[in-house]
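Inside the fold
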Amino acid sequence: RDVAPARPGEFGALRIGAIDVWPPVVLAPMAGVTNAPFRSLCRRFGAGLFVSEMITARALVEGNEKTLRLAGFSPEEKPRSLQLYGVDPRWVGEAVAWLVGEGHVDHLDMNFGCPVRKVTRRGGGAALPLKPRLLRNIVRAAVGRAQGVPVTLKFRIGTDDAHTTFRDTGRIAEDEGCAAIALHARTAEQHYDGQARWEAIGELKALVRG
């Protein structure tokens, strides 16, 4: 509370596709936390982008009532940012097409960073980059159906120290036309413990063009 707000011109806006995020501070997606009321509460403190909690692609396409409710935005939310989770290119592509076609979103974030065991044991979340061909197909399906809505990726260093995937994931995101990437600089094995490896962020930044 003792830190003064950023002054105009002190920092540049964060650009994600055609969206200028100001101030360049993003509320990360958190399952079970970042619903519309929570995002509305956080907006009072002045961040620039607020990402929804994780929305499952197949459940969205099949019209699951709870998923549709979680994917909703309050009227004053702008830009509308949704995080999408999926392990099948077909469902991801159809979910993106529906979200964009109905005008529900201004930004889509793909979740490849979830470390929760019930997700990774099914090959999803942070485990999915272990299958780079599948990862590429999912990202391609999302970007290809997004009609210009910017798609971003969130991912981790890897599943553990013996299986690091962040470099290949970053390259795939760039190759397939993602607008930006975000690296949680821990492994899935670490969950949210230990020290983040900031040097990995620097390495990834140097590896991709952005």
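Heads up: these notes are all about the structure in this document. (Residues numbered from 1 in each chain as written. Predicted model: local features only at pLDDT ≥ 70, side-chain atom pairs only at ≥ 80, totals over all residues. Heavy atoms only, no water.)

Here we take up the overall build of the protein. Tallying secondary structure elements over the protein gives eight helices and nine strands in all. Relative to the 2.2 N^0.38 estimate, which gives 17 Å for 210 residues, the radius of gyration of the protein is 17 Å and therefore close to what a compact globule would have. With the C-alpha coordinates of the protein rotated into their principal frame, the extents come out at 45 × 40 × 30 Å. Evaluated residue by residue, the protein yields a buried proportion of 44% over its 210 residues. (Helix = DSSP H or I, 4+ residues; strand = E, 2+ residues; numbered from the N terminus. Rg over C-alpha atoms; globule rule 2.2 N^0.38 Å. Buried < 20%, exposed > 50% of the residue type's maximum accessible area, 1.4 Å probe, protein only.)

In this section: the side chain of Arg39. Here Arg39 shows up in helix α1 (residues 36-43). Taking relative accessible area as the criterion, Arg39 reaches 0% and is therefore assigned buried.

Under the definition given, this model contains zero aromatic pairs. When the ring centre of Phe50 is taken as origin, the NZ or CZ atom of Arg43, which lies over that ring, is 4.5 Å away. The aromatic ring of Trp91 is capped on one face by Arg90, whose charged end is 4.2 Å from the ring centroid. (Phe/Tyr/Trp six-rings, centres within 6.5 Å; stacked < 30°, edge-to-face > 60°. Lys NZ or Arg CZ within 6 Å of the ring centre and 35° of its normal.)

Moving on to helix α4 (residues 89-101). Over its 13 residues, α4 runs 18 Å from end to end, which matches the ideal 18 Å to within 8%, given 1.5 Å per residue. Within the sequence span of α4, burial applies to Trp91, Val92, Gly93, Ala95, Val96, Ala97, Leu99 and Val100. On the buried face of α4, the contacting elements are α2 (57-61), β5 (81-85), β6 (107-112) and α6 (132-145). With a side-chain oxygen lying 2.7 Å from the backbone nitrogen of Arg90, the N-terminal cap of α4 falls on Asp88. Backbone geometry just downstream of α4 places Gly103 in the positive-phi region, at approximately 70°. (Expected span 1.5 Å × (residues − 1). Contact = heavy atoms within 4.5 Å. Polar contact = N/O pair within 3.5 Å; in protein donor to acceptor, adjacent residues only side chain to side chain.)

In terms of nonpolar packing, the biggest core is built from 36 residues, with Leu84, Met110 and Phe112 touching the most fellow members. A per-element tally of this core places α4 first, with six residues. Sequence-distant contacts of Leu84, defined by excluding residues within four places in its chain, comprise Ile55, Ala57, Leu60, Val92, Ala95, Val96, Leu99, Asp109, Met110 and Asn111. Judged by nonpolar contacts, the second largest core, of five residues, contains Ile16, Val21, Leu49 and Val51. (Core = buried A, V, L, I, M, F, W, Y, C linked by side-chain atoms within 4.5 Å.)

This part covers the pairing of β5. Within β5, five of the five residues are buried, which leaves the element mostly enclosed by the surrounding structure. Here β5 shows two buried faces, one formed by Ser81, Gln83 and Tyr85 and the other by Leu82 and Leu84. Bridge analysis of strand β4 (residues 49-56) against β5 gives four bridges, and the strand direction is parallel. What sits directly across from Ile55, in β5, is Leu84. Here four bridges tie β5 to β6, and the two strands are oriented parallel to one another. Paired with Ser81 across the strands is His107, a residue of β6. Considered for its hand, the β-α-β crossover made up of β5, α4 and β6 is right-handed. (Pairing = 2+ DSSP bridges. Right-handed = clockwise from strand over helix to strand, strands pointing away.)

Right, let's talk about the layout of surface pockets for a bit. Looking at the largest pocket, its volume works out to about 1,000 Å³. Together, 35 residues line the largest pocket, and Leu153, Ala180, Ile181, Ala182 and Leu183 are the ones closest to its centre. At the level of elements, β1 (14-16), β3 (26-27), β4, β6, β7 (151-160), α7 (166-175), β9 (180-187) and α8 (198-207) are the ones that each hand at least two residues to the lining of the largest pocket. In terms of residue count, β9 provides more of the lining of the largest pocket than any other element does, seven residues in total. For the lining of the largest pocket, the per-class residue count stands at 22 nonpolar, six polar and seven charged. Reported here for the second largest pocket is a volume of approximately 520 Å³. Forming the boundary of the second largest pocket are 25 residues, of which Met30, Ala31, Met54, Asn111 and Cys114 lie nearest the centre. Of all elements in the fold, only β4, α3 (65-70), α5 (117-120) and β7 reach the threshold of two or more residues within the lining of the second largest pocket. (1 Å grid on protein atoms, 1.4 Å probe; cavity = no way out; pocket = protein on both sides within 12 Å on 5 of 7 lines; lining within 4 Å. Points joined across faces, edges and corners; volume = space filled by probe spheres on them. Nonpolar A, V, L, I, M, F, W, Y, C, P; charged D, E, K, R; others polar.)

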